[in-house]
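Tertiary structure, described
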Amino acid sequence: MMLPWKQIVLLSITGCLAWSLNGTLIDLGSDYRRHMSGGSLIIRNLDKDQDSGMYQCTAFNTWGTILSRRASIQFALENFKTQSVRSAVNVREGQGVVLLCGAPPHSGLTFAWIFNEYPFSVQQDSRRFISQETGSLYIAKVEPSDVGNYTCVVNNTVTKEKVLSSPTPLVLRSDVMGEYEPKIEVHFPDAVPAAKESVVKLECFALGPVPEISWRRTSGVPFPSKVKMKNSNAVLEIPNFQQEDAGTYECIAENRRGKNAARGRISFHKPQWLQTMADTALSIEENLFWECKANGKPKPSYSWLKNGEQERVQIENGALSITTLNLSDSGMYQCVAENKHGSVYSSAQLMVLSAPSFSRSPLKTLVKARSGSEVTLECKPQASPPAISLWKKGNEILQRTEITVLSNGTLKITNVTKRDAASYTCIAKNQFGTASTTGRLLITEPTRITMRPTNMEIIVGESIVLPCQIAYDPALDVSFSWAFNGQLINFQRDSDHFERVGGSIAGDLMIRNIQLNHGGKYVCVIDTDVESLSTSAILVVKPPDKVAVEEITDSTAQLSWTPGRDNGSPITGYIIQARTPFTVGWQAVDTPEVVSGNMLTSTVVGLNAWVEYEFRVVARNAVGLGEPSPPSAKTRTEDAPDTAPTDVGGGGGTKSELVITWEPLPEELQNGEGFGYIIAFRSVGTVTWTRAIISTPGVSRYVFRNDTIPPFSPFDVKVGAYNNRGEGPFSSISTVYSAEEPGVAPKRVRARSLSAAQIEVIWEALPSLPERVLGYEQVVYWEDDTKPDTVGKVRITGNYTQVNITGLKANTVYYLSVAAFNTAGPGPQSAPINNTTKKPRAQFSTQWSMIGSTLKLHWDPVVAMETESKVTGYLVVVKRHRYNDINTIFTNKTTAELSLSASDNYLIQVKVMSEGGEGVGSEPIHIHRL
């Protein structure tokens, strides 16, 4: 039991994952009174309502999860009272009597009695006994000296509180009672529950002529030395209770008039283990049978847990059985034996043995990653015992010195580049077998935001488009979303105001009929397979100005305003003022008529085209001029464009395309809203112009596609501008050629192997064509006839008809093809041919001799065969065992001398070097410690 203000620590034997109270997980993150330290739960400022109950700890490691035994917190009894007024107890001399204390039943209480007044307390002896079970005072035979007032004192051992009962008067009657045989008033129950290693106390006291109390075991077994008799044998105490202490105990009260006895059986009522299970390892598809047994009274019931929870198990008479084991059955199991007196837990690990399998956790078939990012490929085979794993890139095994492999087998690649793109295979192996899983890593270019929204101010009722446009790798899937003040915009629910516009590379947000509550922060979120980007802008929404611009032309503006206060003197007229970036302060502007005091609209004249204006109104009365109104929103006068785009040109593109380019007009020359471009073109020698409209002011390129366009054909081209006020002038006419296209593939393609790493490819030049040939590219080569996605490519600019392909694998068949290219890109490829690279030099023999610490090597010169690469030299490889290091020496000679240490072992090998790389090498030479 605990006081509310005290701190309590609940100890955990193993590392603790979580604590629960009355079956509910305790949220330690939001609970300032509770926290964990080393797995133990510490509770400060205890609260009876919040902290009472049953606690249990959940612990785990890589093998599974188990639950601790349950622990409870009870709070001490507080502010209790005994009976307020007590009646006198009348007894005869020689009679036995019981004085009741009246305290509520609760643990943590001890009892004493005061005789008449403090500090005179009742002393216990063979005639008087105070029960610590009931608190009552027992007097076996009343004497005249016992007459007086008796007060029960209740001590709370937890709170240290002391409560005194009202006095109970003991009055002696005039007559005397005769003697009688002992009457046992205090005796223990017929069945006494006991816990192992606990202290068991049995009370026994009788009324009547003072009896002698004795104890025995009905089995006749004598008491061990640890058993103690207290309070004139009224209390039998058995410390450190064990199984051998269980049995039937008898209390015997005897005086000269006779004797009486009371019996009770002490036994283990809380469950105690008789049989538990042990850690077990079984093969997959075997059957498991575990049995646990415990004693207790009443007979305990059994339940089984796997990793702290009940799973697919069959339980019969406390035994657990699982048929046809699989890997998911591995874990920590607990058998729980429980009755009303408590519960016990027994734990064991089940390990299901099996060969590695990736059926539940294969690598993704395709993994996409952004260039420059970090990639982790997880290798998680199901295997027992755990498998050893290694990684392959393509067909080559990756050495641990080349890569980063975490302890759990995960492959980690930092700062990935295009060179890391490949197929990766994780191979897992244990003594029961081997398994593998393969996935392809695709490296994509980073996504870039090409057009962002900007902070801006807008008036209620207007509409706006917030741009969000990107450039991205076409291999990626892209999605756009918008958030407003931290909440995702629901375009279906809020379709009256919000709409997503744009295409696959644009996530522009249109906001219609903007209201004051639309002001705030807007965030565009771009999600791809490999990354997430965002860009934001603040939108400030202002109420309508008191001065509003209703309509504006190139030289006039229609204004309206709301009247201000006249301060007791009627308004007689208004003065309209304007301000531009080119004026000094506010200037009065002209109106067709005088603006009288009852007018709330007027037209301003004499404005300049394509200039940004602000307007305000000043009222006057008989007293003078008032304060000017707040300025109107900035508004620009409009006119049709008066300047044509410059630098009109173009050319290039792909098949059947006419590409036209120009220099965009700056904003100050666009003269109004709704600005765009008019592109006009026609074949040279024809009359009719074809027109196209581009409504984006910043665009500087237009592509016309039509299958009827002949390659490299001249066109007349001109570009003009327009806005809402009309069209402007066109540029002068320029001549632009349509795209080129090589229409045929090179012929008579041949190849021959030059070495183990090099192939020469030869072809005939293409004949004269209407289109230009700028060179040859797509001299492609691959290792098998399936032509995979990843191929080698060589590009040659100019009219060459031969190329050498280097860096190839030795003794490997390559397929090759050639195509011409020009500004339209590559043309058709030639039919594939194949060629095989030469073999590297094979193994040869070496002679050696040892003089002191000097090793002399000698070998015959190696001459390459017709199908082999030319020999370029020899490589002497020296591996030193003690330091586990490798040194190499390159030489053109056929001899070498080495100085060796006398205290180490060496392994030496000579390898032939050629254009195809290292040969197989000589037989290894083992030099042992000298």
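The model shown is predicted, which means the values in this text are computed figures rather than measured ones.

**Things to note about the overall build of the protein**
Assigned secondary structure in the protein consists of one helix and 84 strands. Over its C-alpha trace the protein gives a radius of gyration of 50 Å, far above what one expects of a compact globule, namely 30 Å for 930 residues. For the protein, the spread of C-alpha atoms along the three principal axes comes to 150 × 125 × 55 Å. Considering the protein as a whole, with its 930 residues, one finds that 42% of them fall into the buried category. Looking at the protein as shown, the accessible area adds up to about 50,000 Å², and 49% of this sits on carbon and sulfur atoms.

**Remarks on unusual backbone geometry**
Residue Pro-298 is reached from Lys-297 by a cis peptide bond, and omega for that bond is 0°. If you trace the backbone, Pro-298 turns up in the loop between strand 29 (293-295) and strand 30 (301-306). Look at the link from Ser-384 to Pro-385: it is a cis peptide, with omega at 0°. Although it is not a glycine, Asn-485 sits at a positive phi angle of roughly 55°. Inspection of the secondary structure puts Asn-485 in the loop between strand 48 (479-484) and strand 49 (487-488). One non-glycine residue, Phe-712, adopts positive backbone phi at about 50°.

**What to know about the sheet that holds strand 77 (residues 847-851)**
In spatial order, the strands read 77-78-81; together these three strands make up an open sheet with antiparallel pairing. Two strands in the sheet have a free side with no partner beyond their single neighbour: strand 77 and strand 81 (895-899). Pairwise comparison of adjacent strand axes, ignoring direction, gives a mean angle of 15° for this sheet. The pairing of strand 77 with strand 78 (residues 854-858) spans five bridges and is antiparallel. Bridging from a neighbouring strand, Ile-851 pairs with Thr-854 of strand 78.

**Some words on the environment of Gln-469**
With respect to the helices, strands and loops of the structure, Gln-469 is situated in strand 47 (residues 469-471). For Gln-469, a relative accessible area of 24% translates into the label partly exposed. Each C-alpha atom, one on Gln-469 and one on Cys-524, is 9.7 Å from the other, the two residues being 55 residues apart in sequence.

**What about the state of the cysteines?**
As enumerated under the stated definition, the model contains five disulfides in all. Here Cys-101 connects covalently by a disulfide to Cys-152, the sulfurs 2.0 Å from one another. Looking along the S-S bond of the Cys-101-Cys-152 disulfide, the torsion reads about -80°, which is the left-handed sense. Here the residue Cys-101 occupies a position in the loop between strand 10 (97-99) and strand 11 (109-115), and Cys-152 occupies one in strand 14 (residues 148-156), the gap between them amounting to 51 residues. Summarising the burial analysis for this pair, Cys-101 and Cys-152 share the class buried. Disulfide pairing is shown between Cys-468 and Cys-524; the S-S distance is 2.0 Å.

**Some remarks on the side chain of Thr-891**
As for its position among the elements, Thr-891 is in strand 80 (residues 885-891). With relative accessibility at 14%, the residue Thr-891 sits in the buried group. Of note is the side chain of Thr-891, whose polar atom sits 3.0 Å from the backbone nitrogen of Lys-893.

**Brief notes about the environment of Pro-239**
Structurally, the position occupied by Pro-239 is in the loop between strand 23 (235-238) and strand 24 (247-255). With 389 residues separating them along the chain, Pro-239 and Pro-628 place their C-alpha atoms 100 Å apart. Not counting chain neighbours up to four residues away, the residues in contact with Pro-239 comprise Ser-198, Val-199, Lys-226 and Val-227.

**What to know about the pattern of salt bridges**
Following the criterion strictly, the structure yields 29 salt bridges and no others. A salt bridge links Asp-125 to Arg-128; its shortest N-O distance comes to 3.2 Å. Assessed through its relative accessible area of 27%, Asp-125 is described here as partly exposed. For Arg-256, the salt bridge identified is with Glu-179, shortest N-O distance 2.1 Å. Of the two residues, Arg-256 sits in the loop between strand 24 and strand 25 (258-268) while Glu-179 sits in the loop between strand 16 (168-176) and strand 17 (183-186), which places them 77 residues apart along the sequence.

**Focus: the UniProt feature "domain: Ig-like" (unreviewed entry) in the protein**
Per the UniProt annotation, the sites labelled "domain: Ig-like" (unreviewed entry) are residues 17-74, 78-165, 182-267, 271-351, 356-444 and 446-534. Annotated as residues 17-74, this span is 7% helix and 53% strand, and its ends, taken at the C-alpha atoms, are 24 Å apart. Helix makes up 0% of residues 182-267 and strand 55%, and the two end C-alpha atoms of the span are 28 Å apart.

**Thoughts on the sheet that holds strand 48**
Ordered in space as 45-53-52-48-49, the five strands form an open sheet in which the pairing is mixed. Each of the sheet's edge strands pairs with one partner strand only, and the pair in question is strand 45 (456-459) and strand 49. In terms of strand pairing, strand 52 (residues 520-527) meets strand 53 (residues 532-542) through eight bridges, oriented antiparallel. Residue pairing across strands places Tyr-522 opposite Ala-537, the latter belonging to strand 53.

**So, the UniProt feature "domain: Fibronectin type-III" (unreviewed entry) in the protein**
According to UniProt, the feature "domain: Fibronectin type-III" (unreviewed entry) maps to residues 543-640, 644-741 and 745-840 in the numbering used here. Secondary structure content for residues 644-741 is 0% helix and 50% strand, and the end C-alpha separation is 33 Å.

**Some remarks on the pairing of strand 61 (residues 646-650)**
As judged from the three bridges shared by strand 61 and strand 62 (residues 657-663), these two strands associate in the antiparallel manner. Within strand 62, the residue paired with Gly-649 across the bridge is Thr-661. In this structure, the hairpin formed by strand 61 and strand 62 is closed by a connection of six residues, where Gly-651 is found at a positive phi of approximately 105°.

**Details of the packing of aromatic side chains**
As enumerated under the stated definition, the model contains 17 aromatic pairs in all. With 5.8 Å between their ring centres and 5° between their planes, Phe-223 and Tyr-249 make a pair best called stacked. Placement of the pair is Phe-223 in the loop between strand 21 (212-217) and strand 22 (228-230) and Tyr-249 in strand 24, with a sequence separation of 26 residues. Note on Phe-223: relative accessible area 24%, which makes it partly exposed. Ring pairs connect the aromatic residues Phe-129, Tyr-138 and Phe-205, which therefore count as one cluster. Across from the ring centre of Trp-610, 4.4 Å away, lies the NZ or CZ of Arg-636, which sits over that ring. Over the aromatic face of Phe-730 sits the side chain of Lys-718, whose NZ or CZ is 4.8 Å from the ring centroid.

Calculation rules
- Residues numbered from 1 in each chain as written.
- Predicted model: local features only at pLDDT ≥ 70, side-chain atom pairs only at ≥ 80, totals over all residues.
- Heavy atoms only, no water.
- Helix = DSSP H or I, 4+ residues; strand = E, 2+ residues; numbered from the N terminus.
- Rg over C-alpha atoms; globule rule 2.2 N^0.38 Å.
- Buried < 20%, exposed > 50% of the residue type's maximum accessible area, 1.4 Å probe, protein only.
- Areas by Shrake-Rupley, 256 points an atom, 1.4 Å probe, with all protein chains shown as cover.
- Pairing = 2+ DSSP bridges.
- Axes fitted to C-alpha atoms, helices over the stretch in contact; angles between N-to-C directions.
- Disulfide = S-S within 2.5 Å.
- Polar contact = N/O pair within 3.5 Å; in protein donor to acceptor, adjacent residues only side chain to side chain.
- Contact = heavy atoms within 4.5 Å.
- Salt bridge = Lys/Arg side-chain N within 4 Å of Asp/Glu carboxyl O.
- UniProt positions renumbered as here; feature names shortened; annotations may be inferred.
- Phe/Tyr/Trp six-rings, centres within 6.5 Å; stacked < 30°, edge-to-face > 60°.
- Lys NZ or Arg CZ within 6 Å of the ring centre and 35° of its normal.

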